[in-house]
Amino acid sequence: MTAARTPAAPAPGAGPVVVDGTGMLCVTLLLHLRKRIAGHPAGTTVHIVSTDPAAPLDLPAWCHLTGHEYLGPVSDPGGRDVYALRLAADPMPTRPDAPWHPASG
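This write-up is about the structure you can find in this document. Not measured: the values here are computed from a predicted model. Here the residue numbers are simple positions, counted from 1 along each chain's written sequence. Local features are withheld for residues below a pLDDT of 70 in this predicted model, meaning they are given only at 70 or higher, and side-chain atom pairs are given and counted only at 80 or more; totals for whole chains, interfaces and linings count all residues. No hydrogens and no water enter the side-chain calculation; it runs on all heavy atoms of the structure.

### Description of the overall build of the protein
Okay, step 1: On a plain count of helices and strands, the protein comes out with two helices and six strands.
Okay, step 2: Its helices and strands taken in sequence order, the protein reads β-α-β-α-β-β-β-β from the N to the C terminus.
Okay, step 3: The contact criterion used throughout is that any non-hydrogen atoms of two residues lie within 4.5 Å. Once local pairs closer than 6 in sequence are excluded, the contacts in the protein between residues at least 24 apart make up 64%. Secondary structure is summarised from DSSP: a helix means a run of H or I of at least four residues, a strand means a run of E of at least two, and numbering begins at the N terminus for each.

Here you go:
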């Protein structure tokens, strides 16, 4: 078993962080997204690929909860459903097992 690594900050001018949630329901996607964005700096753009029809509702709601900026759908050359967000400087912490609930203080 390998140790989990914190993702390195993207190099200046690097493209967005891509989170592939293909085949995941939004509940699982948010769990995966929460882990993937940990350690990335404020202002990082994240593109989320999702096949869940609830994503256009759930992703903006999660961003509203956490303070991240929902940027909306983005064009994808492959025709996939892709949504963008920008990471906040001081997002609301959420529960590791339930990222749609604020963490208890």
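After presenting the structure, the write-up continues.
### Quick look at the side chain of Asp52
Okay, step 1: Within the secondary structure layout, Asp52 lies in the loop between β2 (45–50) and α2 (55–66).
Okay, step 2: Of the side chains with opposite charge, Arg80 comes closest to the buried, unpaired Asp52, at an N-O distance of 16 Å.
Okay, step 3: Excluding residues within four positions of it along the chain, Asp52 makes contact with Met24, Leu25 and Cys26. Categorising residues by exposure relies on relative accessible area from a 1.4 Å probe, with only protein chains included: less than 20% of the type maximum marks a residue as buried, more than 50% marks it as exposed, and the intermediate range marks it as partly exposed. In summary, the charge assignment counts Lys and Arg as positive and Asp and Glu as negative, without counting His or the chain termini. Basic side-chain nitrogens of Lys or Arg form a salt bridge, by our definition, when they fall within 4 Å of a carboxyl oxygen of Asp or Glu.

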